[in-house]
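# Geometric and topological summary
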Amino acid sequence: MRPTRVEIDLCAIKGNLEAIRAWTKTKVMMAIKADAYGHGAQVVGRFVQEHRLADMLGVSCIEEGIHLREAGISLPILVFGLINNRDDCDTIFSHRLTPTLVDRAPVKDLVAAARKWNRPVPVHLKTDTGMGRLGLTPDESIALARDIAEVPEIRISGIYTHFPVSDVPGHPFTPVQIAAFTDLIDRLKTHGISTGSRHCANSGAILNHEGTYLDMVRPGILCYGLYPSPEIPKTLKVVPAMALKTAIIFTKRVKKGTGLSYGLTYRAPKDTCIATIPIGYADGFPRSLSNIARVTIQGKTYPVVGRICMDQSLIDLGDDLYPVGQEVTVFGREGITAETLASWNNTIPYEITCNMSRRVPRTYSNDIPASRP
Ligand SMILES: Cc1ncc(COP(=O)(O)O)c(C=O)c1O
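Residues numbered from 1 in each chain as written. Predicted model: local features only at pLDDT ≥ 70, side-chain atom pairs only at ≥ 80, totals over all residues. Heavy atoms only, no water.

A few words now on the site of the ligand. Neighbouring the ligand are 13 residues, the closest being Y37, S203, R218, G220 and Y350. Between the ligand and R218 there is a distance of 2.8 Å, counted from a nitrogen atom to a side-chain nitrogen or oxygen. G220 places a polar main-chain atom, nitrogen or oxygen, 2.8 Å from an oxygen atom of the ligand. Coverage of the ligand by the protein chains reaches 92% of its 390 Å² of free accessible surface. Of the residues belonging to the shell around the ligand, the class tally is six nonpolar, four polar and three charged. (Near = heavy atom within 4 Å. Polar contact = N/O pair within 3.5 Å; in protein donor to acceptor, adjacent residues only side chain to side chain. Areas by Shrake-Rupley, 256 points an atom, 1.4 Å probe, with all protein chains shown as cover. Nonpolar A, V, L, I, M, F, W, Y, C, P; charged D, E, K, R; others polar.)

Attention now goes to the domain arrangement of the chain. Parsing the chain into structural domains produces domain 1 (10–224) and domain 2 (242–332 + 334–365). Relative placement of domain 1 and domain 2: their C-alpha centres are 38 Å apart. Contacts between domain 1 and domain 2 engage ten residues on the former and nine residues on the latter. Summed over both sides, the interface of domain 1 with domain 2 buries roughly 870 Å², with 60% coming from carbon and sulfur. Along the contact surface separating domain 1 from domain 2 lie one salt bridge. D35 is paired through a salt bridge with R358; the nearest N and O atoms lie 2.8 Å apart. At the junction of domain 1 with domain 2, the criterion picks out five residue pairs in polar contact (both at pLDDT 80 or more). (Domains from an automatic or database assignment. Contact = heavy atoms within 4.5 Å. Buried area = accessible area lost by both parts, 1.4 Å probe. Salt bridge = Lys/Arg side-chain N within 4 Å of Asp/Glu carboxyl O.)

With that settled, the discussion passes to the packing of aromatic side chains. On inspection of all chains with the given rule, the structure shows five aromatic pairs. Here F93 and W117 contribute two aromatic rings whose centre-to-centre distance is 6.3 Å and whose plane-to-plane angle is 15°, an arrangement assigned as stacked. Of the two residues, F93 sits in helix α5 (residues 86–94) while W117 sits in helix α6 (residues 107–117), which places them 24 residues apart along the sequence. Taken together, the aromatic side chains of Y37, Y224 and Y350 make up a single cluster linked through ring pairs. The ring of Y227 carries the charged tip of K234 above its face, separated from the ring centre by 5.0 Å. (Phe/Tyr/Trp six-rings, centres within 6.5 Å; stacked < 30°, edge-to-face > 60°. Helix = DSSP H or I, 4+ residues; strand = E, 2+ residues; numbered from the N terminus. Lys NZ or Arg CZ within 6 Å of the ring centre and 35° of its normal.)

Looking at α6, one finds that the buried residues are V107, L110, V111, A113 and A114. Along the axis of α6, the buried positions cluster into a sector of 165°, meaning they face one direction only. Exposed residues on α6 whose side chains face more than 90 degrees from its buried face are K108, R115 and K116. Against α5, β5 (98–101), β6 (121–126), α7 (138–149) and β7 (154–160) lie the buried residues of α6. (Buried < 20%, exposed > 50% of the residue type's maximum accessible area, 1.4 Å probe, protein only. Arc of directions from axis to C-beta.)

Let us look at the nonpolar core. Within the largest apolar cluster, 110 residues are counted, with the highest numbers of intra-cluster contacts made by I13, M30, V48, L57 and F331. Top element by residues in this core is helix α1 (residues 10–24). It accounts for six residues. Domain assignment of the residues forming this core places at least three in each of domain 1 (10–224) and domain 2 (242–332 + 334–365). Here F331 is in contact with M242, A243, L244, I336, T337, A338, L341, I352 and M356, once residues within four sequence places are set aside. Ranked by size, the runner-up nonpolar core spans seven residues in total, among them Y266, A268, I274 and L314. (Core = buried A, V, L, I, M, F, W, Y, C linked by side-chain atoms within 4.5 Å.)

Mapped onto the fold, T91 is located in helix α5. Relative accessible area serves as the criterion here: at 16%, T91 is assigned to the buried category. Residue contacts for T91: discarding those within four places in its chain leaves I62, I66, R96 and L97.

As a packed pair, α1 and helix α3 (residues 41–50) sit with axes 11 Å apart at the nearest point and diverge in direction by 50°. Compared by their axis directions, α1 and α3 come out oblique. Seen from above, α1 lies across α3 with right-handed handedness. Side by side, α1 and α3 meet where L10, C11, I13, K14 and L17 of the first sit next to V43, V44, F47 and V48 of the second. (Axes fitted to C-alpha atoms, helices over the stretch in contact; angles between N-to-C directions. Parallel < 35°, antiparallel > 145°, perpendicular 65-115°, else oblique. Left-handed = near helix turned anticlockwise from the far one by under 90°.)

Turning to its location among the elements, Q326 is positioned in the loop between β17 (313–318) and β18 (327–331). Here Q326 falls in the buried class, since its relative accessible area comes to 14%. A polar contact is formed between the side chain of Q326 and the side chain of Q298, at a distance of 3.3 Å. Among residues more than four places away in sequence, those in contact with Q326 are T246, A247, I248, I297 and Q298.

With that settled, consider the state of the cysteines. Enumeration according to the criterion identifies zero disulfides in this entry. Looking at C354, it has no disulfide partner, and the nearest cysteine sulfur is the one in C61, 13 Å off. (Disulfide = S-S within 2.5 Å.)

For the rest of this paragraph, the subject is the sheet that holds strand β8 (residues 197–201). Pairing is parallel around the closed barrel formed by eight strands, whose spatial order is β2-β3-β4-β5-β6-β7-β8-β9. Along the sheet, α7 makes contact with β5, β6 and β7, crossing β6 at roughly 165°. (Pairing = 2+ DSSP bridges.)

Turning to α5, a few remarks are in order. Along α5, the positions that sit buried rather than exposed are D88, C89, T91, I92 and F93. Elements that come into contact with the buried residues of α5 comprise α4 (62–70), β5, α6 and β6. Looking at where α5 begins, the residue whose side-chain oxygen comes 3.1 Å from the main-chain nitrogen of D87 is N85.

The next subject is unusual backbone geometry. Positive phi, normally seen in glycine, also occurs at A36, with a value near 55°. The residue Q298 is not glycine, and still its phi comes out positive at about 45°.

Here's what the structure looks like:
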């Protein structure tokens with residue numbers, strides 16, 4: 001078997017969610033979209049439910065909601081994305097998902113589906129206060145909320161907005177958005193419209209903007225133990241849940257000047273030992289980190305040399321000797337983390353974990369004692 005695997009520490013996810021709850025003292029909707037940021041939504045979702053770590057889950061589309069329901073997850077699930085057609089409305093009911101209304105287009109079909117299923121549907125309104133992606137303007141939100149208040153088939157159980165720069169400490173735009181969202185909520189109140197849960201805090205806002213916690217926070221990356229950006233001081237202690245590990249499958253001595261891997265972009269600066277590890281860009285190890293990344297073996301780091309191939313990469317061990325089968329950590333909970341890889345690759349840790357390919361098996365550890373029957 002190929003030794004390359006993603007290890008997920010469920011205990012870390014538990015600690016992270018508990019830390020977020022203790023920090024914000026409010027309800028938590030865990031963003032579990034994109035297969036739980038690459039961690040495996042079904043396993044993570046079941047675990048989160050079993051240990052009562054979140055009040056609600058957030059997914060990007062209906063398919064992701066179905067995937068969670070198929071794993072036996074019964075927590076409320078908010079779908080952030082659009083409802084596209086009448087079939088989507090039916091699926092919302094069959095799988096008890098909570099849709100987001102970003103405009104009034106689906107209202108008619110939702111009402112029809114509610115009559116068919118003989119029960120009202122809870123919805124969350126999405127207001128765009130400056131993300132510029134999806135959502136109603138504050139004025140449109142009020143108009144739609146007032147209309148829906150007259151419709152017994154639809155119940156507003158939440159209202160939310162999203163921040164584009166909450167992860168930048170001191171950025172003046174987030175307070176402007178908070179003010180717009182708060183103003184909207186106040187105006188809805190004066191119209192006598194109850195909004196249910198008000199939520200807006202993603203990980204950046206949880207760390208940088210205490211005034212955003214409201215009824216519920218909506219973290220993603222922090223739950224997985226990573227910070228949204230390197231500029232934020234690490235005040236809230238979280239532990240990375242994902243580690244990417246492999247093992248040496250081949251070693252050889254090469255002479256000074258030997259060119260290695262596609263393009264011969266690396267020439268051994270001296271006689272050295274080169275090891276091959278079975279991980280490449282098809283696994284999610286970015287090719288752009290060729291001759292940049294380092295990996296860890298027994299606490300010591302070594303450079304990844306030559307081009308990262310589709311399935312394999314090379315490391316320069318210098319004069320160190322390791323046997324075939326020696327474990328290699330590409331990133332993990334300390335030292336070189338997903339945040340380190342992201343900074344080397346001029347990207348964000350989200351992209352690193354989400355891009356772990358499906359062909360890399362996930363293994364899960366959970367050191368929590370089993371709950372009593
Ligand atoms: C609507 C919504 N809420 C919450 C989150 C969680 O964000 P983060 O992972 O930065 O905490 C996301 C992720 O992008 C999102 O799209």
